[in-house]
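Okay, here's what each chain looks like letter by letter:
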Amino acid sequence: MIRAVAMSLGLWVGIATTGMAQAKIGVDDAQRILAPLVEAYGVSSREGPVREVVQRLLPAWATSETDSAGNLWVRVGAGEPLVVFVAHLDEIGFRVTEIREDGQLLLQPAGGFFAALFEAEPALVHTGQSVIPGVFTPVDSAADAGVGLRVDLGTGSRMATTALGVEPGATVTMPKRYVRLAGSRATGRSFDDRVGCAALLLALRSLDPKRLRHEVLFVWSVREEIGLEGARVVADALGGRAARVHAIDTFVSADAPLEIPTYGLAPLGLGPVVRALDNSAAAPPALVDSVVALARRGGIPLQVGTTSGGNDGSTFAPWGVPDVALGWPMRYSHSPAETVDLRDVAGLASLVRLIAERW
């Protein structure tokens, strides 16, 4: 049975009620994998530290490979059809474009977000060899018109800044850490898309490869936030061989105190979400129905809805591969205080495993 929980602007949101129980992936399991992923840094094009954490957390039996773009692949099972899961490694941040005479850094955003959320906050400059602390300077609306956010390392000159090893092209982030909130909630920065990365890892660590009836490809992609670049490399490499792709990414939810619940409503704690429609792709209704039915049989609460943003799976569209994106509801997307419910993370991982093993 499917129970409708919200109806607005003709957009349907539902929950699949429980049926036949599946082996449990719990909240503690989700936290144990998610926390180290969140605390790794990896702005688009500099995802190496995150990829290393993923490799470390893979099950012992899994064999991984890294392609020329930096995407991490793990193949499981054999035979047709090929099913692809993809979650992205990168996070939003900045790239250094110029070092001013006074030693401060001019920045270019890598990804879409409100730069004001970073203003007057601590900063970290990642050179590839070291991490250098600094501050995001407050922006004066008159004096800084057209200049935007800068980083001050406390050096006072271009020569002193370059002596630290900072050059244009270095990436810049804000310090972050995983924080457990009351109940099963957690907050931090870069849950987008470290939750997706964690879901793939949890699914791999809990599935039985012998139960797979066909080949399943797990991909951790790069450079999603600046244009789905890594996933496009994967899609072009596979061509039309994949039967379908499941992008695992955030469902930007209206479930927050100041949001108007007329679009993108998926309450936290009520389960993962099928992204039936977003700015980049529309999932075929028959496949959405299949996911809902599968979740119901597996006893996994599931929501279905529409949201904003794009997803890696849309890069497979030119090859005729259907994209059925899966996500989890999240508050305060692309901010330093992204908030999730760990029950949704565990449910998403269970759904990925169930799809891999039974569909």
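Every value quoted in this text rests on a predicted model; they were computed, and no experiment measured them.

Conventions and cut-offs
Residues numbered from 1 in each chain as written. Predicted model: local features only at pLDDT ≥ 70, side-chain atom pairs only at ≥ 80, totals over all residues. Heavy atoms only, no water. Helix = DSSP H or I, 4+ residues; strand = E, 2+ residues; numbered from the N terminus. Rg over C-alpha atoms; globule rule 2.2 N^0.38 Å. Buried < 20%, exposed > 50% of the residue type's maximum accessible area, 1.4 Å probe, protein only. Contact = heavy atoms within 4.5 Å. 1 Å grid on protein atoms, 1.4 Å probe; cavity = no way out; pocket = protein on both sides within 12 Å on 5 of 7 lines; lining within 4 Å. Points joined across faces, edges and corners; volume = space filled by probe spheres on them. Nonpolar A, V, L, I, M, F, W, Y, C, P; charged D, E, K, R; others polar. Axes fitted to C-alpha atoms, helices over the stretch in contact; angles between N-to-C directions. Parallel < 35°, antiparallel > 145°, perpendicular 65-115°, else oblique. Left-handed = near helix turned anticlockwise from the far one by under 90°. Pairing = 2+ DSSP bridges. Expected span 1.5 Å × (residues − 1).

(A) Region of the structure containing the overall build of the chain. Along its length, the chain carries seven helices and 21 strands. Rg of the C-alpha trace for the chain: 21 Å, near the compact-globule value of 21 Å for 359 residues, within the 12% margin. Across the 359 residues in the chain, those meeting the buried criterion constitute 57%. Here the contacts in the chain between residues at least 6 apart in sequence split such that 76% fall between residues at least 24 apart.

(B) Up close: the layout of surface pockets. Its boundaries defined by the atoms lining it, the largest pocket holds a volume of some 490 Å³. Forming the walls of the largest pocket are 28 residues, and the residues nearest its centre are Val252, Thr307, Ser308, Ser333 and His334. In terms of residue class, the lining of the largest pocket is made up of nine nonpolar, 12 polar and seven charged.

(C) Broad picture of the packing of helix H1 (residues 27–38) against helix H2 (residues 48–57). H2 packs onto H1 with a crossing angle of 155° between their chain directions and a minimal axis gap of 9 Å. Relative to H2, the element H1 is oriented roughly antiparallel. For H1 against H2, the interelement crossing comes out right-handed. Between H1, through Ile33, Pro36 and Leu37, and H2, the contact on the second element is made entirely by Val50, Val53, Val54, Arg56 and Leu57.

(D) Here's a closer look at the sheet that holds strand S15 (residues 242–247). Spatial ordering of the open sheet is given by S3-S4-S14-S5-S15, a layout of five strands whose pairing is mixed. Edge positions in the sheet fall to strand S3 (64–66) and S15, since each has one partner strand and no second. Taken over all neighbouring pairs, the strand axes of this sheet differ in orientation by 20° on average, direction set aside. For strand S5 (residues 82–88) and strand S14 (residues 216–221), the ladder comprises six bridges, and the chain directions are parallel.

(E) Molecular detail of the environment of Pro209. With respect to the helices, strands and loops of the structure, Pro209 is situated in the loop between helix H4 (191–206) and S14. Judged by its relative accessible area of 31%, Pro209 is partly exposed. With 147 residues separating them along the chain, Pro209 and Ala62 place their C-alpha atoms 9.6 Å apart.

(F) Main features of the pairing of strand S8 (residues 122–126). Counting buried positions along S8 gives four out of five residues, so the element sits mostly inside the fold. Hairpin connection of S8 to strand S9 (residues 131–136): four residues between the antiparallel strands, including Gly128 at a positive phi of 100°.

(G) Geometry of H4. In this model H4 runs 21 Å from its N-terminal to its C-terminal C-alpha over 16 residues, within 8% of the 22 Å that 1.5 Å per residue would give. Of all 16 residues that make up H4, 14 are buried, and the element is covered over most of its length.

(H) Looking closely at empty space enclosed by the protein. Evaluated as defined, the whole model comprises two cavities of 30 Å³ or more. Within this model, the second largest cavity holds a volume of roughly 40 Å³. Every residue lining the second largest cavity is listed: Glu91, Ile92, Arg189, Ser190, Asp192, His334, Ser335 and Glu338. Each residue belonging to the lining of the second largest cavity can be placed in one class, and the counts come to one nonpolar, three polar and four charged.

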